[in-house]
Amino acid sequence: MPGLSSWAVRRPVFALIAWFIAVVAIFGVGSAFAGKLNDSFDLPNTESKTATDLLASSGANMGSYDAGATIVWSPTTGSAVDPAVLAEITPTLQKIADLSAVACVSLPTGQGLGTACPPAPQAPPQSEIDKLTPEQQAALKASMTPQGISPDGRVAIATVTFASADPTAVPTTAAKQIIADIKAANTDTLRVGANGQVLDFAGQEPPSSELIGIIAALIILLIAFGSVVAAGLPIVVAGLGVALGVTMVTLLARFMDVATFAPTLAAMIGLGVGIDYGLFVLNRFRSAILLGHDKKQAALEAVNTAGRAVLFAGSTVIIALLGLFVLGINFFNGLSLAAGLTVLMVMLSALWFLPALLSLLGTKTIAIRLPWGKKPGSGHIDGHRWAAYGAFLQRKPWLWAILSLGFVLILAIPVLSLRQGFADDSGKPVGSIGRIAYDLRAEGFGPGSNGPFLVVAQLPKAGDTEGYKQIVTDLAAAPGVAGTNPSVAMLPLVDVFPQQFGLTGDIAVIGVVPSSAPQDAATTDLLNELRDTVNPQIEAATGAKLYVGGTQAITSDFTSVLKDALPIFLLVVIGLGFLALVLLFRSLVVPAMAAVTSLLSFAASMGITVAVFQWGWLSSLLGVSGTGPIMPFLPIMVFAILFGLSMDYQVFLVSRMREEWEHTDDNAASIRRGLAGSGRVVVIAALIMASVFMAFIPTPENTIKLFGISLASAVLIDAFVIRLVFVPSLMSIIGRANWWLPRWLAKILPVVHVESESADDPVDDVLPVNPGH
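Residues numbered from 1 in each chain as written. Predicted model: local features only at pLDDT ≥ 70, side-chain atom pairs only at ≥ 80, totals over all residues. Heavy atoms only, no water.

**As for helix α13 (residues 306-322)**
Because each turn of an α-helix spans 3.6 residues, side chains separated by three or four positions end up pointing in the same direction.
Item 1. Compared with an ideal rise of 1.5 Å per residue, which puts 17 residues at 24 Å, α13 spans 24 Å between its outermost C-alpha atoms and is within 8% of the ideal.
Item 2. By the criterion of burial, α13 is predominantly enclosed, with 12 of the 17 residues buried.
Item 3. Its buried side turned inward, α13 meets α11 (262-290), α12 (295-304), α14 (330-361), α20 (551-585) and α23 (633-664). (Helix = DSSP H or I, 4+ residues; strand = E, 2+ residues; numbered from the N terminus. Expected span 1.5 Å × (residues − 1). Buried < 20%, exposed > 50% of the residue type's maximum accessible area, 1.4 Å probe, protein only. Contact = heavy atoms within 4.5 Å.)

Here it is, written out as structure tokens:
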């Protein structure tokens, strides 16, 4: 990569031609072979996966649980199936049924709208009814009652069946039309909502957060560089890299599962690191230009110093992201590759495209100067203030180390209450069709109706009606269960109409409705109770095998798998990062400090996340519409991203300290001069990165909002508290031991320099403070 950058400097025209050929090729291939995003994931060796596989292989009837989408409505007064209410809602349902992507809209009254609706259930002949016992006749009468109407009649549900069983095959235009029709159906007297995976994906609006982040970054760069051209270059470099990265993500989706929010997350990460990488290279080039160096010489200095640091930092981020592969979950494989490819693209943009531009533009890179902008040849940036700041820390390093550590630990306290899980639709914005559907379901059918469990029963023999009835009865009697589908009242009909209960084979499915909402801790407790106590007792009594599946069980298993895999993930990512820093800094203490302090930053950011999203602190200010558990993939993703970013700041700060240590053998002076040389650019980079992440907080998409708050807080804490206060204070306390390396290890380690060429001192050092440190 350094060779590529040097070639771009020496042959800028050819480099730019080659770059734009590569850009056109990537855009062309990405557009021609773009895949479809989806949120599916596979959890091998879990009970919910076994349940899903049994259902898929058996073809068991899933009934209403297999609906592509549901439409829920309720009038302000009266019954939801009152003729006047039906007359108001039916035209909307008919418009939806007329869509080519929709096979049928099943009404709660038993009728179906559409060209592919199954025949409505018919009551058996009276002669057959007369043969039934009174108990069976009562059950039959109850079974003919519409199931999609709440007990009080105030809420009704229609199910939408799509022509394709694959949610990703449903045209987005059809899903958007359904959303528009449902929104239009809401009036002052009628509330209408809808939910389903197809509608959730289509309802996501493209975020405008990138533009907000770019504007914030531009303001910071204008203040820092005092030049419009210099401020714009890192943004152009990052923007082009992000565009390439997101194109690669859509191409990746053709070959593997990539989550629907992956492009937005990749853009968030890519934009932040891309602007920073461009900033690091441009800042070094600008310093050389201000010293009066020739444009090609200045560009070579930039790529051979800051460019090498960018290569190391970017590679660290990519390695941390690819560490997600150790989890063995396809959902993470897609996310890690999506984010990693985007980081690779912005890194290439900073190390190929930008050096060629710098070599061509020369002093024009700092053109269109603002009043505080400096002219070429006017001298380097004054670093006395940062050196003085380092001296200030070194006067009382114990005090600043304790204060900064205490501050971070206080922020981390809420993480002790971290509860992982997936938030339900109660977290969607108030007034959205998903939130309306959730609220109406909870009002009419109980909170657990929004997230039922599916118990898959593998019976000891086909058509085992007695075992089936006992399973349903015992499940319904379990504490925390609000009801089952079929209900216990329907069981007298099992012996008469076994096919209606799916008992044609040895696989049957029973819906279990909790009495608590999906994201409540009580629902997780019920799942554990079913698996650990209730189901084993039923299995012993009936000889059947029971497996709890459904969306809520899958999310719970997902959380458990991640908790089990987290230690391995941390060991791999931190271990590789530690080894890379040992190679770079030729020290054991500094890399160990980097690894431990990254965990401190991570804990503090997770503490803030728990306080906001789980406890509800500042939720109204930040636009958080509901509290609940923290998504289980967030901590792992945030740590993978944060670890790479924190290593960036560690490299840019400590690499200069290491160079000064080799020249002076003075630990205190090395720390001050390291801060003088890199402190300013780290502050600018962290402000830009945090601004980009914070720009995603206003988005209504809770997943992206969650990442925005977590990553923004992580960057601010890591840069301003850990890297610029705690690390230099602690290194001042440790003294010469910072650079200790066993002799035998020093002999076998290759010598690696980020700052490969000597550079002019950015600052005359201030008087030593406590030189013994």
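Text resumes after the structure shown.
**Brief notes about the sheet that holds strand β7 (residues 481-485)**
Item 1. The four strands are arranged β7-β8-β6-β9 in an open sheet whose pairing can be described as antiparallel. Lying at the two open borders of the sheet, with one neighbouring strand each, are β7 and β9 (545-549). Between one strand and the next, the sheet's axes are offset by a mean angle of 25°, whatever the strand orientation.
Item 2. As defined by bridge partners, strand β6 (residues 453-458) adjoins strand β8 (residues 507-514) across six bridges and the pair is classed as antiparallel. Directly across from Gln458, in β8, lies its bridge partner Ile507.
Item 3. Of the strands in this sheet, β6, β7, β8 and β9 are in contact with helix α18 (residues 465-476), which crosses β8 at around 15°. (Pairing = 2+ DSSP bridges. Axes fitted to C-alpha atoms, helices over the stretch in contact; angles between N-to-C directions.)

**Some thoughts on the nonpolar core**
Item 1. If you look at the biggest cluster of nonpolar residues, it comprises 160 residues, and the most contacted ones within it are Tyr277, Phe332, Phe633 and Phe707.
Item 2. When neighbours within four sequence positions are excluded, Tyr277 is seen to be in contact with Val310, Ala313, Gly314, Val317, Val346, Met347, Ala350 and Asp648. (Core = buried A, V, L, I, M, F, W, Y, C linked by side-chain atoms within 4.5 Å.)

**With respect to the state of the cysteines**
Among covalent bonds in proteins, the disulfide is the one between the sulfur atoms of two cysteines.
Item 1. Using the criterion set out here, one finds one disulfide in the structure.
Item 2. A sulfur-sulfur distance of 2.0 Å marks the disulfide that ties Cys104 to Cys117. In this structure, the disulfide formed by Cys104 and Cys117 twists by about 105° around the S-S bond and is classed as right-handed. Remark: Cys117 occurs in the loop between β3 (112-113) and α5 (126-130) and Cys104 occurs in strand β2 (residues 102-106); sequence separation between them is 13 residues.
Item 3. Looking at Cys104, the relative accessible area reads 2%, which means it is buried.
Item 4. The class of Cys117 is partly exposed, set by a relative accessible area of 25%. (Disulfide = S-S within 2.5 Å.)

**Focus on the sheet that holds β2**
Item 1. Judged by pairing direction, the sheet is antiparallel, and its five strands sit side by side in the order β3-β2-β4-β1-β5 without closing on themselves. Only two strands of the sheet have a single partner each, and these edge strands are β3 and β5 (190-195).
Item 2. For β2 and strand β4 (residues 156-162), the ladder comprises four bridges, and the chain directions are antiparallel. Bridge pairing in β4 places Ser106 opposite Thr159.
Item 3. Sitting on the sheet, helix α7 (residues 172-185) touches β1 (69-75), β2, β4 and β5, and the angle it makes with β5 is about 160°.
Item 4. Helix-sheet contacts for helix α17 (residues 433-445) involve β1, β4 and β5, and the interaxial angle to β5 is about 105°.

**As for the packing of α13 against α14**
Item 1. At their nearest, the axes of α13 and α14 sit 9 Å apart, and the two run at 175° to each other. Judged by the inter-axis angle, α13 sits roughly antiparallel to α14. In this structure, α13 contributes Gly307, Val310, Leu311, Gly314, Ser315, Val317, Ile318, Leu321 and Leu322 to the contact, and α14 contributes Ser336, Leu337, Ala339, Gly340, Val343, Leu344, Met347 and Leu351.
Item 2. By residue class, the composition of the contact of α13 with α14 is 12 nonpolar, five polar and no charged. (Parallel < 35°, antiparallel > 145°, perpendicular 65-115°, else oblique. Nonpolar A, V, L, I, M, F, W, Y, C, P; charged D, E, K, R; others polar.)

**Looking at the confidence of the model for the protein chain**
Item 1. Per-residue confidence for the protein chain gives a mean pLDDT of 84; residues scoring 70 or more make up 91%.
Item 2. Ignoring residues within four places in sequence, the model shows residues 756-773, a span with pLDDT below 50, making 49 contacts including any to other chains. (pLDDT = per-residue confidence, 0-100.)

**With respect to helix α25 (residues 702-734)**
Item 1. At Ile722, α25 shows its maximal kink, close to 45°.
Item 2. The buried fraction of α25 is high, at 28 of 33 residues.
Item 3. Looking at the residues trailing α25, positive phi occurs at Gly735, about 75°. (Bend = angle between axes of the 7 residues up to and from the residue.)

**Looking at the pairing of β1**
Item 1. For β1, the tally of buried residues reaches seven of seven residues, placing the bulk of the element in the interior.
Item 2. Of the two faces of β1, the one holding Ala69, Ile71, Trp73 and Pro75 and the one holding Thr70, Val72 and Ser74 are both buried throughout.
Item 3. Inspection of the sheet shows β1 paired to β4 by five bridges, in the antiparallel sense. From the neighbouring strand, Ala69 faces β4, where its bridge partner is Val160.

**Points about the environment of Thr365**
Item 1. Turning to its location among the elements, Thr365 is positioned in the loop between α14 and α15 (384-395).
Item 2. The exposure class of Thr365 is buried, given its relative accessible area of 1%.
Item 3. Sequence separation between Thr365 and Ile21 is 344 residues; the distance between their C-alpha atoms is 24 Å.
Item 4. Ignoring anything within four residues of it in the chain, the contact list for Thr365 reads Ser227, Val229, Ala230, Leu233, Phe285 and Leu358.

**Description of the pattern of salt bridges**
Item 1. In this structure the tally under the stated criterion is 12 salt bridges.
Item 2. Put simply, Glu443 and Arg191 hold a salt bridge, and the shortest N to O gap is 3.0 Å. Remark: Arg191 occurs in strand β5 and Glu443 occurs in helix α17; sequence separation between them is 252 residues.
Item 3. According to the relative accessible area criterion, Glu443 is partly exposed, its value standing at 48%.
Item 4. With a shortest N-O distance of 2.8 Å, Lys469 and Asp495 are connected by a salt bridge. Separated by 26 residues along the polypeptide, Lys469 in helix α18 and Asp495 in the loop between β7 and β8 bring together distant segments of the chain.
Item 5. For Lys469, a relative accessible area of 17% gives the class buried.
Item 6. Among the charged side chains, a network of salt bridges with common partners joins Glu47, Arg531 and Asp557. (Salt bridge = Lys/Arg side-chain N within 4 Å of Asp/Glu carboxyl O.)

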